[in-house]
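Chain by chain, the residues run as shown.
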Amino acid sequence: MINLPRGTQDILPGESEKWQFIEQKFIELCHTYNYKEVRTPIFEHTELFQRGVGDTTDIVQREMYTFEDRGGRSITLRPEGTASVTRAFVQHKLHGSANQPQKLFYIGPMFRYERPQQGRMRQFVQFGVEALGSSDPAIDAEVISLAMSFYRSLGLKSLRLVLNSLGDQESRQKHRTALINHFKPYQAELCSDCQLRLEQNPLRVLDCKKDRDHIAMQNAPKILDYLNEESAQYFEQVKQYLAVMGVDYVVDPNLVRGLDYYNHTAFEIMSDAEGFGAITTLTGGGRYNGLVEDLGGPSTPGIGFAFSAERLLMALAAEGIDLPIDQALDCYLIAIGKDAERKSVELTHQLRSEGVQADKDYLSRKMKGQLKAADRQKAKFVIILGDQELEQEAAIIKNMGTGAQEVVKFDQLIRYIKQSL
RNA sequence: GCGGUCGUGGUGAAGUGGUUAACACAUCGGAUUGUGGUUCCGACAUGCGUGGGUUCGAUCCCCAUCGACCGCCCCA
């Protein structure tokens, strides 16, 4: 037997309806906010992620599915969506479109080579939003509120929106220098990861779990203290707009996003639900004003977020929320005998042509077995055909909820069913 | 990349170095010659993740491998 590859999953009937539901909900909400769907390839040139996501990130250093295709090109299965969307934005010159900012969303699988565990798959589905072309803090707030609205609309309660600002280039640079100066004397005492981080991406030292209690952490330079006037004001306005919309948040000066391209607004949405396991982050997002330019486009601001469908479904389960999924079948046709079988094929087809959901037996079961099958399918109505009924040009229609049944002529049957549903 | 627990039928599971691998649910058949969700009876693993090894003999012991779950790192 061949099983599926590690870290992947099959989504079978019973579960797939939930996926359809959340996808549909997300598409509807994006429509309400006037975001349009963009579909990009599942694989890209490796260089896109090296430049877009950043060479120092874990994603690029150890998690990418990279291979050489038959033409000798280095190809990578996309580990996230922002780089691809931005690439498409630049390639198709969407910065020249009359519609600005470009408000885009996507749904699709992402790939990261990691040890699978709860809430972490090698192939997982991300829903994401990107708004390119505006540096109005109101759009930061809009993007954040879209994510929160989505979760709220599904009934999630145990949510925590965590907010921070990483500042602009100048602020980040000053903070970076301060961090290096601050930690340098302690470098030997820090964990091996942090020793490396100090060289490559000192911001992430703040995020370290191992060195959390080190004395140097207590009075480490906070990015919020290094924001220049403009960055500080920007952050203030984002917070004000969130307040205007009634979106609650907490500021966490140690919130650092893992990818290199972030600046200014950074946020995460976490779940506080019991039994959610070690993973608490549902959504990560932020502003990336330099990315479009890094990828060869004109200087263009951008902000976005992404969340995984798997973690969303986990959060729903953790809060005991059942999605409203209709499993019932409209009608099931039962035939006894060859002639009735032929008639049931015809009637099933007619019902379907009229848009009535219909199914029938294909295992030559006896009446009892066919009724059981109808019952298992949660059929609302059963249409029974036998020799007696054929003689009368009629069928028995049985309401499976009440058990009541009556004989209906063939030429009235479809109308009868449609009225009863 | 590191650590821990585990792997028996469609499902949940019991079990032992030695002839027929419990039990329950589900499924199928029958009691009920044309009526479901109840009841009763019957059927249902040449097989115990995979590959080696030890042994007269292994599902049970050993090794390897694959996989699952959980945690770390990191992240969605």
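Rules behind the numbers
Residues numbered from 1 in each chain as written. Chains lettered and ligands numbered in written order. Predicted model: local features only at pLDDT ≥ 70, side-chain atom pairs only at ≥ 80, totals over all residues. Heavy atoms only, no water. Phe/Tyr/Trp six-rings, centres within 6.5 Å; stacked < 30°, edge-to-face > 60°. Helix = DSSP H or I, 4+ residues; strand = E, 2+ residues; numbered from the N terminus. Buried < 20%, exposed > 50% of the residue type's maximum accessible area, 1.4 Å probe, protein only. Polar contact = N/O pair within 3.5 Å; in protein donor to acceptor, adjacent residues only side chain to side chain. Contact = heavy atoms within 4.5 Å. Domains from an automatic or database assignment. Pairing = 2+ DSSP bridges. Axes fitted to C-alpha atoms, helices over the stretch in contact; angles between N-to-C directions.

A. Geometry of the packing of aromatic side chains. Tallied over the full model, the rule gives 14 aromatic pairs. Ring geometry for F127 and F150: centres 6.5 Å apart, planes at 45 degrees, overall tilted. Here F150 lies in helix α5 (residues 137–153) and F127 lies in strand β6 (residues 123–132), a separation of 23 residues in the sequence. This pair shows no difference in class: F127 is buried, exactly as F150 is. Where F150 meets F307, the ring centres are 5.3 Å apart and the plane angle is 25 degrees; that geometry is what we call stacked.

B. Structural detail: the side chain of S134. Mapped onto the fold, S134 is located in the loop between β6 and α5. Take S134: its relative accessible area is 13%, and that puts it in the buried class. For S134, the side chain forms a polar contact with the main-chain nitrogen of D136, separated by 3.1 Å. For S134, the residues in contact, after removing those within four places along its chain, are P101, I139, R287 and P301.

C. Structural context of the domain arrangement of chain A. Along its sequence, chain A is organised into domain 1 (16–168 + 228–318) and domain 2 (329–420). For domain 1 versus domain 2, the separation of C-alpha centres amounts to 49 Å.

D. Here's a closer look at the sheet that holds strand β9 (residues 263–271). Sheet architecture is open: 8 strands sit in the order β1-β5-β6-β11-β10-β9-β7-β8, paired in mixed fashion. Looking at the sheet topology across the chains shown, the edges are occupied by β1 (36–37) and β8 (250–251). The sheet contact formed by β9 and strand β10 (residues 281–287) spans 6 bridges and is antiparallel. Within the sheet, the bridge partner assigned to F267 lies in β10 and is G285. Sitting on the sheet, α5 is in contact with β5 (102–111), β6, β7 (159–165), β9, β10 and β11 (302–308), with an inclination near 15 degrees to β11.

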